[in-house]
Amino acid sequence: MGKGVRVSGDLRAGRYAYIGPHSIIYPKVTIGDYTMLANDVSIIGGDHDYLKAGVPIIFAGRGLLSPTNIGKDVWIGAHVKIKAGISIGDGAVIAMGSIVTKDVEPYSVYAGVPARKLKDRFDDHKDLNKHRAMLENSHDQNAFDFEMLCK
C-alpha cells in the first residue's frame, strides 16, 4: 500500500495486489491477485437511504452496504471512483478519472463519467485464452517466470 491509504479492516486482497497512495476503500471489498489501484482511487458510497419521504437524508440512516469485488489482474487508473457494490471482472482496465457506477465486464477497457466500455482488452482469442489460463494457474509458482516478465 502507498502512503495515506485508508482501508477498512475487512479488506481482502490477493497476492501482489497494490493500493496506491491516498486511496479510500470502504468495507466489504475484495481485490484479486495482481491487481493495481493507482493513487487516489476511492471505493465508496451506495449506502445512504435517500428514499424515506419526509426524512432528511442525513437522518434517514444507512442501508446495507453491498460487497465490492475486483477481479484478478485489474488495473484501475488514478483518481477513479467506484461505487460500492460493483463487480469488476478479471483483467479489466479502468481509465484515469473514470467513475464506475455499474459492473465491469472481464478483460475490457472502460473509461468516462460514467464509465463505459471502450473495447476488449485482447483482440485475439488466443491471447485472451492464454491470459485466462495463466490467471487460473497462478497459484502454481511455475505458471510463469517473473524474471522473464521483467526483461
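Up top you'll find the structure we're talking about.
Residues numbered from 1 in each chain as written. Predicted model: local features only at pLDDT ≥ 70, side-chain atom pairs only at ≥ 80, totals over all residues. Heavy atoms only, no water.

Enquirer: Please explain the packing of aromatic side chains as it appears in this structure.
Expert: Geometry of an aromatic ring pair is reported as the spacing of the ring centres plus the angle between the planes. Considering all chains together, one arrives at two aromatic pairs under this definition. Ring plane angle 10° and centroid distance 5.7 Å describe the contact between Tyr16 and Tyr34, whose orientation is recorded as stacked. With Tyr16 in the loop between β2 (12–13) and β3 (18–19) and Tyr34 in the loop between β5 (29–31) and β6 (36–37), this residue pair connects regions lying 18 residues apart in the sequence. Between Tyr107 and Phe122, the ring centres sit 6.3 Å apart and the planes meet at 45°, which makes this aromatic pair tilted. Of this pair, Tyr107 sits in the loop between β13 (99–100) and β14 (108–111) while Phe122 sits in the loop between β15 (116–120) and α2 (125–136), and the two are 15 residues apart along the sequence. The exposure class of Tyr107 is buried, given its relative accessible area of 6%. (Phe/Tyr/Trp six-rings, centres within 6.5 Å; stacked < 30°, edge-to-face > 60°. Helix = DSSP H or I, 4+ residues; strand = E, 2+ residues; numbered from the N terminus. Buried < 20%, exposed > 50% of the residue type's maximum accessible area, 1.4 Å probe, protein only.)

Enquirer: It is not clear to me how the pattern of salt bridges should be interpreted in this structure. Could you clarify?
Expert: Side chains that differ in sign of charge can pair as their charged atoms come close. All told, the structure shown has five salt bridges when counted by the stated rule. Close ionic contact of Asp49 with Lys52 constitutes a salt bridge, the shortest N to O distance being 3.9 Å. Between Glu105 and Lys117 there is a salt bridge, with its nearest N and O atoms 3.0 Å apart. Of the two residues, Glu105 sits in the loop between β13 and β14 while Lys117 sits in strand β15, which places them 12 residues apart along the sequence. (Salt bridge = Lys/Arg side-chain N within 4 Å of Asp/Glu carboxyl O.)

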